[in-house]
Amino acid sequence: MSIIERARWHPGNGINLDAAALDVVKSDKSAAIVAGPGAGKTELLAQRASYLLETNTCKAPRRILAISFKRDAAKNLKDRVTARAGEDLGLRLESYTFDAFAKSIVDRFRSALPEWCRPERNYEVIMPRWQDWDDFAGRLRRDANISISATGLERGHATLTAEPGPLPLNPKKDDFSNQAGLHYWAARLRKDRTHQLTFGMISTLAMTILAHNPNVQSALRMTYSHLFLDEFQDTTGLQYALLKQAFLGSDAVITAVGDSKQRIMTFAGARSGIFQEFAQDFSADVIALTANFRSNPRIVAIVNAMATDIEPDAVPVTSARGEADVPRLTDGAIHFPNAREEATAIAKSIAAAVGSGRYKPEDFMLLARQRADKLEENLAFAFVEEGLTLRNEARSLGEIQIQELMTEPLPDVVICALQMAIDDRNGAPFHRLRNMIGPIFGNQDDRPAAELKVEQKIREAVKLARAATANAPSGTTAESVATAIFDSLGTTTLSQLAPDYSNPARFAAIQTATIKFLQECADSAETWQEAITQFQGRNQVKLMTVHKSKGLEAHTVFFLHLQNDGFFSSADMDEEALAFFVAASRARDRFFVTTTTHEIGRVARLWEMVTAAEIPELEASALDRLVD
Ligand SMILES: Nc1ncnc2c1ncn2[C@@H]1O[C@H](COP(=O)(O)OP(=O)(O)OP(=O)(O)O)[C@@H](O)[C@H]1O
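Residues numbered from 1 in each chain as written. Predicted model: local features only at pLDDT ≥ 70, side-chain atom pairs only at ≥ 80, totals over all residues. Heavy atoms only, no water.

Some words on the state of the cysteines
Put simply, the test is: Disulfides are defined as pairs of cysteine sulfur atoms found within 2.5 Å of each other.
This model, assessed by the stated rule, comprises zero disulfides. In this structure C521 is a free cysteine whose sulfur lies 15 Å from that of C416, the closest cysteine sulfur available.

Remarks on the site of the ligand
Rules: Any residue with a heavy atom lying within 4 Å of a molecule or strand is counted as near it. Polar contact criterion, stated in full: a pair of N or O atoms within 3.5 Å, where within protein one must be able to donate a hydrogen and the other to accept it, and residues adjacent in sequence count only if both atoms are side-chain atoms. Here the accessible surface of atoms and residues is derived via Shrake-Rupley with a 1.4 Å probe, and residues count as covered only by protein chains that are part of the display. Here the limits of each domain have been adopted from an automatic or database domain assignment.
Inspection of the region around the ligand gives 17 residues, with N16, K41, R294, E553 and R586 positioned closest. G38 is positioned such that a nitrogen or oxygen atom in its backbone is 2.9 Å from an oxygen atom of the ligand. In this structure, E553 approaches the ligand through a side-chain N or O atom, which is 2.9 Å from an oxygen atom. Across the complex, the protein chains shield 79% of the 630 Å² of accessible surface that the ligand would expose by itself. Domain assignment of the residues forming the shell around the ligand places at least three in each of domain 1 (6-103 + 210-292) and domain 3 (297-389 + 539-627).

Observations regarding the sheet that holds strand 12 (residues 364-368)
Filter applied, for reference: Should DSSP find at least two bridges between two strands, the strands are taken to pair. Going along the chain from the N terminus, every DSSP run of H or I of four or more residues is numbered as a helix, and every run of E of two or more is numbered as a strand. A contact between two residues is defined here by any heavy atoms of the two lying within 4.5 Å. As a rule, the C-alpha atoms of each element are fitted with a line to give its axis, helices using only the stretch in contact, and angles between N-to-C directions run from 0 to 180 degrees.
Read from one edge to the other, the open sheet built from seven strands follows the order 13-16-12-17-18-11-19, with strand pairing classed as parallel. Strands with a single pairing partner mark the edges of an open sheet, and in this sheet they are strand 13 (390-392) and strand 19 (617-618). Docked against the sheet, helix 13 (residues 297-310) engages strand 11 (331-335) and strand 18 (587-595), running at close to 60° with respect to strand 18.

Some words on the packing of helix 17 (residues 409-421) against helix 23 (residues 528-536)
Relative placement of two packed helices is described by the angle separating their axes and the distance separating the axes. Which entries qualify depends on this criterion: Note on terminology: angles under 35 degrees are roughly parallel, angles over 145 are roughly antiparallel, angles of 65 to 115 are roughly perpendicular, and the others are oblique. Helix crossings get a hand from a simple test, with the near helix turned counterclockwise from the far one by less than a right angle marking a left-handed crossing and a clockwise turn marking a right-handed one.
For the pair helix 17 and helix 23, the least separation of the axes is 11 Å and the interaxial angle reads 155°. Overall, the two elements helix 17 and helix 23 adopt an arrangement that is roughly antiparallel. Note on packing geometry: the crossing formed by helix 17 with helix 23 is left-handed. Taken together, the residues of helix 23 that come into contact with helix 17 (itself represented by P411, I415, L418 and Q419) are W528, I532, F535 and Q536.

Regarding the packing of helix 5 (residues 98-109) against helix 9 (residues 199-212)
Definition in use: All residues other than Ala, Val, Leu, Ile, Met, Phe, Trp, Tyr, Cys, Pro, Asp, Glu, Lys and Arg, Gly among them, are scored as polar; the first ten of these are nonpolar and the last four charged.
At a closest axis distance of 8 Å, the pairing of helix 5 and helix 9 adopts a crossing angle of 55°. Of the possible angle classes, the one that applies to helix 5 and helix 9 is oblique. Relative to helix 9, helix 5 is oriented so that their crossing is left-handed. Contact residues: helix 5 offers D99, A102, K103, I105, V106 and F109, while helix 9 offers F199, I202, S203, L205, A206, I209 and L210. Its residues assigned to classes, the contact of helix 5 with helix 9 shows 10 nonpolar, one polar and two charged.

Considering the pairing of strand 2 (residues 63-68)
The following threshold applies: To sort residues, take the accessible area from a 1.4 Å probe on protein chains only and compare it with the maximum for the residue type: under 20% means buried, over 50% means exposed, and anything in between is partly exposed.
Along strand 2, six of the six residues are buried, which leaves the element largely enclosed by surrounding structure. Here strand 2 shows two buried faces, one formed by R63, L65 and I67 and the other by I64, A66 and S68. Sheet analysis places strand 2 next to strand 6 (residues 224-229), joined by five bridges and oriented parallel. Residue L65 lies in a different strand from strand 6, and its bridge partner there is L227. Two strands pair when backbone bridges link them, and strand 2 and strand 3 (residues 93-97) are joined in this way by five bridges, in the parallel orientation.

Quick notes on the environment of P411
Tracing the chain through its elements places P411 in helix 17. As a C-alpha pair, P411 and A482 span 71 residues in sequence and 9.1 Å in three-dimensional space.

Details of the sheet that holds strand 1 (residues 31-35)
Pairing in this open sheet of six strands is parallel, and the strands run 3-2-6-7-1-8 from one edge to the other. Among the strands making up the open sheet, the edge pair consists of strand 3 and strand 8 (285-289). Mean inter-strand twist for the sheet, computed between neighbouring axes without regard to direction, equals 20°. Of the pairings in the sheet, the one linking strand 1 to strand 7 (residues 253-258) comprises four bridges and is parallel in character. Residue pairing in the sheet places A31 in a bridge with T255 of strand 7. Helix 12 (residues 274-281) rests against strand 1, strand 7 and strand 8 of the sheet, and its axis sits at about 160° to strand 1.

Digging into the nonpolar core
Selection criterion: Joining through side-chain atoms within 4.5 Å is the link that ties buried Ala, Val, Leu, Ile, Met, Phe, Trp, Tyr and Cys residues into a set, and such a set is a nonpolar core.
With 62 residues, the main nonpolar core has F101, F247 and F278 as its most contacted residues. At eight residues, the largest contribution of residues to this core is made by helix 9. For this core, the two domains that each supply at least three residues are domain 1 (6-103 + 210-292) and domain 2 (114-196). In this structure F101 touches L65, I67, Y96, L220, L242 and F247, once residues within four positions along its chain are discounted. Of all hydrophobic cores here, the second largest spans 48 residues; its members include L418, A421, A478 and A522.

Brief notes about helix 20 (residues 475-489)
Put simply, the rule is: In this scheme, a helix's expected span is set at 1.5 Å multiplied by one less than its residue total.
Taking 1.5 Å of rise per residue, the 15 residues of helix 20 would be expected to cover 21 Å, and the 22 Å separating its terminal C-alpha atoms lies within 8% of that figure. Looking at helix 20, one finds that the buried residues are G475, T477, A478, V481, A482, A484, I485, F486, S488 and L489. Buried residues belonging to helix 20 abut helix 17, helix 18 (429-437), helix 19 (448-468), helix 21 (491-494), helix 22 (504-523) and helix 23. Trailing helix 20 by a residue or two, G490 shows a phi angle of about 85°, which is positive.

Section: the UniProt feature "binding site: ATP" (unreviewed entry) in the chain
Quick note on the threshold: UniProt positions are given in the numbering used here, feature names are shortened, and annotations may be inferred rather than shown by experiment.
UniProt records the feature "binding site: ATP" (unreviewed entry) at A35, G36, P37, G38, A39, G40, K41 and T42, using the numbering of this structure. Structurally, G36 can be placed in the loop between strand 1 and helix 2 (41-54). On the basis of relative accessible area, G36 is assigned to the buried category, the value being 10%. On the secondary structure map, K41 appears in helix 2. Under the relative-accessibility criterion, K41 is labelled buried at 16%. Only 3.2 Å separates the side chain of K41 from the backbone oxygen of A35, close enough to count as a polar contact.

Side note on the packing of aromatic side chains
For the record, the criterion: Any two of the Phe, Tyr and Trp rings considered here, Trp counted by its six-membered ring, make a pair once their centres fall within 6.5 Å; the pair's planes then place it as stacked at under 30 degrees, edge-to-face at over 60, or tilted in between. Here, over-ring charges are defined by two tests on the NZ atom of lysine or the CZ atom of arginine: distance to the ring centre within 6 Å, and angle to the ring normal within 35 degrees.
Scanning the entire structure with this criterion turns up 17 aromatic pairs. Their ring planes at 45° and their centres at 4.9 Å tell us that F517 and F535 sit as a pair that is tilted. Here F517 is found in helix 22, whereas its partner F535 is found in helix 23, with 18 residues between them in sequence. Considered together, F517 and F535 belong to a single accessibility category, that of buried residues. Put simply, the rings of F232, Y240, F275, F278 and F282 touch in pairs and so form one group of aromatic residues. If you follow R188 out to its NZ or CZ, it ends over the ring of Y184, 4.9 Å from the centre.

Structure (structure tokens):
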């Protein structure tokens with residue numbers, strides 16, 4: 001592909017970038033981009049990747065390393081860049097989650113670790129639950145007289161000193177201040193058992209490799225000239241330490257984007273003040289973007305008011321959409337006498353809106369802070385009455401919730417192959433599939449043989465899937481389709497799709513959930529096309545928790561049950577304020593909150609935000625106007 005001159009490069013796909021965003025896209029300096037919801041952060045990174053590759057500013061054969069928090073974000077970025085810049089250039093963008101990045105270093109350079117902390121090759125990735133931490137904390141109390149809480153152990157187990165950092169080559173007794181952590185490491189790396197590592201421990205090991213092996217560190221630095229860090233507000237101390245170990249003092253130009261007000265992962269250890277720290281450490285500019293491309297001016301006013309309530313000096317943003325097409329009814333707080341009446345009113349109004357032909361079911365999103373299952377009981381019934389399908393994204397399929405399954409690569413592999421088997425080109429299934437399995441065969445290194453192998457594997461999977469789809473969709477045939485695809489690609493390949501798939505129990509749980517869900521969808525579908533549509537959640541109204549709604553958007557958002565029993569009794573209201581802000585900012589055009597009791601004392605802080613945003617109280621009958 002020919003190189004485009006920098007001055008002649010323009011953003012594509014009908015995207016207009018304002019001057020500030022264009023500066024970021026073309027910048028040759030590290031920068032922390034602080035931007036509110038709907039500022040187009042993902043699009044900005046996709047455009048920057050295209051610019052760097054198409055103009056050869058990221059000089060071949062060097063690459064861009066994009067680190068995202070969520071797997072779907074990592075995948076989404078790669079797909080967008082491939083679509084825009086083409087397959088060949090797209091291969092020079094490597095998109096990882098933090099965990100996958102750390103694991104790739106450990107898996108490649110494990111033998112460079114000091115022996116005392118070197119895991120065996122087939123170590124198992126573990127994701128302990130609270131109960132496991134609590135059990136271990138109990139054992140420490142009993143056997144070693146160390147007192148630590150389950151949460152303390154979870155947060156600090158991977159770090160053996162006060163601050164996260166590499167492990168020493170030859171440890172002396174005084175090297176470690178975190179005795180609890182040391183016991184934990186010893187228990188996971190016992191000689192007589194399969195070695196087990198958490199992702200936190202994997203990050204520490206990656207740091208250790210880089211700290212003691214200048215060759216590995218410089219190879220990494222040679223490979224990547226540019227780095228993207230998405231959802232930077234959620235970076236943990238450990239992840240940040242790994243980033244510094246890998247790139248501090250290198251020539252890499254780093255673009256970190258995020259929004260400190262969407263920091264709702266504090267329970268997972270997200271570090272506050274991370275933007276300032278990054279700006280200082282990497283001499284990066286801090287740039288604020290103030291456009292919101294998602295929401296109409298009224299929703300943006302709500303989002304601004306909530307932002308100021310959270311951070312008094314928050315920079316207000318402006319709707320890039322202007323006043324056109326703003327519906328007459330945009331927001332309100334509605335009290336219902338009980339959950340059943342609430343469900344009926346919401347279902348009826350959505351059905352009328354969809355019936356008008358102006359809206360699709362997926363234009364509506366129902367959000368709950370927790371206990372979506374409990375809300376589903378009443379809602380599902382009312383939705384069926386109205387001929388609509390409600391999809392509770394928090395419903396469990398064995399150990400995995402639907403909302404979690406949808407971010408996994410394994411079910412997407414099945415859907416891509418199935419789509420190709422029935423000639424459904426929606427969302428470019430071949431490219432998606434190739435982006436997922438290609439790296440496993442090494443096609444990122446531009447090896448034609450690897451590329452051929454990938455294509456051959458895909459052809460085989462599609463052939464078998466096509467044979468299985470000759471039968472009408474049903475629970476039984478769905479299982480045959482999924483099994484045919486799994487068998488043709490093989491467990492060895494599939495278990496490399498994500499770093500946690502090397503844990504057999506985790507892989508089996510995802511595989512079982514994929515089959516179960518495909519069976520459910522096929523059972524209630526007339527055609528395979530319909531089964532795919534259902535699997536992907538198209539033509540359905542979604543109910544989900546706020547935490548899973550991050551990065552998503554819908555025309556109309558309902559935040560259900562802004563009342564005491566809609567929240568955990570131990571809820572920290574400062575964190576809840578951030579989550580509530582995330583919820584409101586998912587709305588493109590309409591935002592409603594509901595209650596079914598007057599017991600709202602515990603969430604008074606959130607009602608202050610409703611008041612600050614001047615969201616009016618409405619009668620339930622106001623929802624009749626959703627059809628407008
Ligand atoms: N430059 C642009 N021109 C027009 N539309 C845009 C532009 N950038 C983004 N959009 C659209 O605006 C919406 C929000 O974009 P995106 O999801 O990338 O924002 P974000 O900053 O990641 O949001 P959030 O942090 O709230 O999830 C999307 O519908 C996207 O297609």
